[in-house]
Amino acid sequence: MVVLSASILSNRGSKALVSRQFVEMNRLRVEGLLAAFPKLMGHSKQHTFVETDAVRYVYQPLENGMFLLLITTKASNIVEDLGTLRLLAKVVPDVTGSVSEHAVNEHAFEIIFAFDEVLTTGGYKEDVTPSAIRTNLEMHSHEEEMALMLKKSKEDAAREQMQQQAKAIKDRQMAALRDNLMSGGAGGPARPQTGMVGFGGGGPPAPGGPGGFDMFGQGQGGGGGGAQPGGPGGYGAANDNPYANLGRPTEPEPEAPKIVAKGMKLGGFGGKAGKKDSLMAGMLAEDNLAAGKGNGADPFGMGLAAPAAPVPAAPSAPATILVEERVSVQMSREGEVRSSEVKGTITYTANTDAGAQSLVAVNKAVYAPKCGAGWSFATHPKVDKKAYEKSGTLALKGGKPYPVGRPVGILRWNYAGEDSAPFTVNCWPEDEGSGTINVNMEFELQRPDAALTDVNILFPLGTTDAPAIESIDGQYKHDPSTGMMCWHHDVVNGDNGSGSLEFSVAGSDVDAFFPVQIAFTSQSLACPIEVTGVTNSGTGAAIPNNMTVRVVPDSYTCA
């Protein structure tokens, strides 16, 4: 059999909807053959084929006055042609869903593909079934599915890597911002002016005058205002802390040193004295003896800390003692303490030979019973541990003197309990759905015996727009250039153990306000340890000393 063309006709065979040719024929011949079919078919219902001198028309009536037509050669096997016609009659409704002119027009290409599954090029019938035709038309391919799955997995991996890279970039930007803000902290160079604006607070106005809070719009209900740069109490480079000297007496300016002109003197020190003083000052700074520069009272560089104390020219006592605790706290956004660790150290520095032969006594009988499970204490390997366990005295083994001018950590302690966190902060940002986020923050003192000073709570806003303060306890500063805000409290203690802040700011990302960083200064140790005395190991006489007690937050965040 040779099938020349397969067609679907409507209007009783006068209108061709779909026609597929399987041998080479020009358009005019196809249109002529199809136009002759209604005339040849006539009104007879007895036959399903009509022959002419050149071709044979094999047809089958469908629904809605439509016909399925095969045009074959006269030499074609009529029985095979009828079998092909019946197969195509099953395939057409299976493809279109319903036999109608609209359905045929909608699925014209699917019908042509189905015809191609039944008849090959040249007009010869394939040995296929309707189910095989349906499977072939669906073009199901396991290789294609695998390729699509592989492509999707690569896209998902690339998307995840992109998110990780974006997060890493954001973390690096935040780290650079923190380093920039903290560059004015301990031992660092003087930081440049950041152009902070919008100083405000929630308490009553302080007494007026240059440097007073009323110069910056400070008033009831958390108002905000601004100050002229460089003016009285402003943010000029010469006065980076506009309110640090509030209520303090003005210190007289030091008089210029008197210079006595003398002639040249052989063997004199000349300019070496100044170099010697500079060298001594540098050594003191390395030994953490430069008061006011080593405590990092304003680590964020927001100008919200008390002024640093003057640097002493040289130690004024034979010995220097530093009792220090470093606190690391990680909190959840709800203020729950996830991890907290306190590491304490007593560092002894002998400034002279008189301070080298010394015994340092601590109140071991007092703090040992109070510090129960979870606390660990360790002495320096060169310290006489038996004397410490027996009487709470710290001295080098064999009665050796302390090295002069070099700090020695003689006792260390560690505690990792959640109750060691002196201070908690929670932050609740809520998207109001109108391009504005409402933020509520609270802090609470966890240890009533603790007293914290210069408490700064620093967090990003996710925008450079100024926040609209609704209520505040304390003061705040906003840096529009970096999009950071600092919530400041001078003192947090048992009488002022909690506070809240509420503000609104433009944005929609509630995660943009984290991490929240906390910095403060304190002398309230978590461990109830005290240095009760420093005496000469030989004579028992008391040795004068300069003692410093401080608590430093190493990492104090809420995220």
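Every chain begins its residue count from 1, and numbering advances along the sequence as written. The predicted origin of the model limits local features to residues at a pLDDT of at least 70 and limits the giving and counting of side-chain atom pairs to 80 or more, whereas totals for whole chains, interfaces and linings rest on all residues. Hydrogens are left out, water is left out, and the side-chain values use all remaining heavy atoms of the structure.

Describing the overall build of the chain
Assigned secondary structure in the chain consists of 10 helices and 23 strands. Think of it in three bands: with a 1.4 Å probe and only protein chains considered, a residue is buried below 20% of the maximum accessible area for its type, exposed above 50%, and partly exposed in between. Within the chain, the fraction of its 559 residues that count as buried is 39%. The numbering of helices and of strands both runs from the N terminus, where a helix is a DSSP run of H or I of at least 4 residues and a strand a run of E of at least 2.

Comments concerning the sheet that holds strand β15 (residues 436-445)
Across the sheet, 4 strands lie side by side as β14-β15-β20-β17; this open sheet has antiparallel pairing. Two strands close off the open sheet at either side, each with one partner strand: β14 (423-431) and β17 (468-472). The average undirected angle you get between the axes of adjacent strands in this sheet is 15°. Here β17 runs beside strand β20 (residues 498-506); their pairing, made up of 4 bridges, is antiparallel. Bridge assignment links isoleucine 472 to a residue of β20, and that residue is leucine 501. The rule for pairing is simple: two strands pair if DSSP sees at least two bridges between them. Lines fitted to the C-alpha atoms define the axes, with helices restricted to the stretch that makes contact. Angles between their N-to-C directions range from 0 to 180 degrees.

Section: the sheet that holds strand β2 (residues 15-21)
Strand order across the open sheet formed by 5 strands is β2-β1-β5-β4-β3, with antiparallel pairing between neighbours. The open sheet terminates on both sides in strands that have one partner only, identified here as β2 and β3 (49-51). For this sheet the average axis-to-axis angle between neighbouring strands, irrespective of direction, equals 20°. Inspection of the sheet shows β3 paired to strand β4 (residues 55-61) by 3 bridges, in the antiparallel sense.

Concerning the packing of aromatic side chains
A pair of Phe, Tyr and Trp rings is counted when the ring centres sit within 6.5 Å of each other, with Trp represented by its six-membered ring. The angle between the planes then sorts it: under 30 degrees is stacked, over 60 is edge-to-face, the rest tilted. On inspection of all chains with the given rule, the structure shows 14 aromatic pairs. Considering the side-chain rings of tyrosine 59 and phenylalanine 67, the 6.1 Å spacing of their centres and the 70° angle between planes classify their relative orientation as edge-to-face. No difference in accessibility class separates tyrosine 59 from phenylalanine 67, as the two residues are buried. Aromatic pair phenylalanine 377 and tryptophan 413: ring centres 6.5 Å apart, planes at 35°, arrangement tilted. With a gap of 36 residues between them, phenylalanine 377 in strand β11 (residues 375-379) and tryptophan 413 in strand β13 (residues 408-415) connect regions that are remote in the sequence.

Description of the pattern of salt bridges
Here, a salt bridge means any side-chain nitrogen of Lys or Arg that lies within 4 Å of a carboxyl oxygen of Asp or Glu. Within this structure, the stated rule accounts for 15 salt bridges. Note that arginine 27 and glutamate 31 form a salt bridge whose closest N and O atoms lie 2.8 Å from each other. Residue arginine 27 and its partner glutamate 31 are located together in helix α1 (residues 27-41), separated by 4 residues, close to a single helical turn. A salt bridge links lysine 364 to glutamate 389, with the nearest nitrogen and oxygen atoms 3.6 Å apart.

Describing the confidence of the model for the chain
On a range of 0 to 100, pLDDT expresses the predictor's confidence in each residue. Confidence in the prediction of the chain, expressed as mean pLDDT, is 79, and 74% of residues score 70 or more. Low confidence marks residues 256-277, where pLDDT is under 50. Its contacts with residues over four positions away, or in another chain, come to 0 contacts. Across residues 286-297 the pLDDT falls below 50, and counting only partners more than four positions away or on other chains, this stretch makes 27 contacts in the model. Residue contacts are defined here by distance: any two heavy atoms, one from each residue, within 4.5 Å place the two residues in contact.

Quick notes on helix α2 (residues 78-96)
Residue count minus one, scaled by 1.5 Å, sets the expected span of a helix. Here α2 spans 27 Å end to end across 19 residues, near enough to the 27 Å set by a 1.5 Å rise per residue. The complete set of buried residues in α2 reads Asp81, Thr84, Leu85, Leu87, Leu88, Ala89, Val91, Val92, Val95 and Thr96. Packed against the buried residues of α2 are β1 (3-10), β4, β5 (67-73), α3 (101-106), α4 (108-118) and α5 (130-138). Positive phi appears at glycine 97, one or two residues downstream of α2, with a value of about 90°.

Some thoughts on the packing of α2 against α4
Two elements in contact, α2 and α4, have axes whose closest approach is 10 Å; the angle formed by their N-to-C orientations is 150°. In terms of crossing hand, the pair formed by α2 and α4 is right-handed. In this structure, α2 uses Thr84, Leu87, Leu88, Val91, Val92, Val95 and Thr96 to contact α4, whose residues at the interface are Glu110, Ile111, Ala114, Phe115 and Val118. By the convention adopted, Pro, Cys, Tyr, Trp, Phe, Met, Ile, Leu, Val and Ala count as nonpolar, Lys, Arg, Asp and Glu as charged, and the other residues, Gly among them, as polar. Classifying every residue of the contact of α2 with α4 gives 9 nonpolar, 2 polar and 1 charged. Crossing handedness follows the turn of the near helix against the far one: under a right angle anticlockwise gives a left-handed crossing, and clockwise gives a right-handed one.

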